[in-house]
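# Remarks on the overall topology
So you can see what is in the structure, the chains are spelled out below.
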Amino acid sequence: MGIRAIFFDVDGTLVDSNDLHVLAWEHAFASIGARFDRATIHSQIGKGTDMLVPTLIPDADADAELMERLGEAHGALFKGELLQQVKPFPGAHDLLARVHAAGQTVVLASSASAAEVDHYLDMLDARELVDATTSSDDVEHTKPAPDVFRAALKKVAPLTPDEVLVVGDSPFDVEAAAACGIAAVALRSGKFPDAVLLDAGAVALYDDAAALLADYDRSPLGG
């Protein structure tokens, strides 16, 4: 049975936003006097506030007010100033177009806000290519919890996990996919080490969207 749907992560996979999220989190943590080096923050990019903050500040898990404050500080800077700096990765639009042309269902599986996902649809010129999207409205917990891919599976029902592939950039994408029984291809564009992505269970690694597009027919997507 072939692959009939591809679930694409967005940040770090289709758009070059991870470093900007690092800056936004650095600012958010500094607002409460907490300081982490950028490499430490980057190691958690791909998670949302509910997962990222408690990893770096364990006591925050029991402090809803602090979690909300940090999430709002991150969001205010990212959406207010940094979002306009985000650019699509070379080949991202063409990869979506290739998958669409192959008759495979294209889903943007993100836990970003609906407004951000909508912004990225326009940035990628992908409204005619994408069959469904997810956003923070669809999830209770962010990656590596499986909520986002469970929500995506509901949108492509009756397809089963073995008919779907995830394309992401972080180990959290790979882990969340595995929790749903879905295999994941990882892109290095998110700047996570190969060993981290492979240890998480990625079935293949590519440098970026353009490299995956160039190898589409032989990749897990087309092969």
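Overview of the structure. These numbers come from a predicted model, not from an experiment. For every chain, the first residue of the written sequence is number 1, and numbering continues from 1 along that sequence. Reporting in this predicted model follows two pLDDT cut-offs: at least 70 for local features of residues, and 80 or more for side-chain atom pairs to be given and counted; totals over whole chains, interfaces and linings ignore these cut-offs and use all residues. Values reported for side chains reflect all heavy atoms of the structure, with hydrogen atoms and water molecules removed beforehand.

## Digging into the packing of aromatic side chains
Each Phe, Tyr or Trp ring, with Trp reduced to its six-membered ring, pairs with another whose centre is within 6.5 Å; inter-plane angles below 30 degrees give stacked pairs, above 60 give edge-to-face pairs, and intermediate values give tilted ones. Taken as a whole and assessed by the stated rule, the structure comprises four aromatic pairs. For the ring pair F7 and F149, a centre distance of 6.4 Å and an interplane angle of 15 degrees mean the geometry is stacked. One end of the pair, F7, is in strand β1 (residues 5-8); the other, F149, is in helix α7 (residues 147-155), and 142 residues separate them in sequence. Taken individually, F7 and F149 each receive the classification buried, so the pair is uniform in this respect. Strands are runs of DSSP state E lasting at least 2 residues, helices are runs of H or I lasting at least 4, and numbering of each runs from the N terminus. The buried label goes to any residue with under 20% of its type's maximum accessible area, the exposed label to any with over 50%, and the partly exposed label to all in between, with areas taken from a 1.4 Å probe on protein chains only.

## Observations concerning the layout of surface pockets
To locate leftover empty space, one rolls a probe as large as a water molecule over the atoms. Here a cavity denotes grid points, spaced 1 Å and computed from the protein atoms alone, that fit a 1.4 Å probe unable to get out, and a pocket denotes an open set having protein on both sides within 12 Å along at least 5 of 7 lines; residues with an atom within 4 Å of a point are the lining. Grid points are joined across faces, edges and corners, and a volume is the space filled by probe spheres set on the points. Considering only enclosed or pocket space, the largest pocket measures out at about 650 Å³ in volume. In terms of lining, the largest pocket is formed by 31 residues, of which the most central are K47, G48, T49, S111 and A112. Those elements that provide at least two residues to the lining of the largest pocket are α1 (18-30), α3 (49-56) and α4 (64-82). Per-element accounting of the lining of the largest pocket gives the leading share, five residues, to α4. Each residue is assigned to one of three groups, with Ala, Val, Leu, Ile, Met, Phe, Trp, Tyr, Cys and Pro labelled nonpolar, Asp, Glu, Lys and Arg labelled charged, and all others, Gly among them, labelled polar. Looking at side-chain class alone, the lining of the largest pocket contains six nonpolar, 15 polar and ten charged residues.

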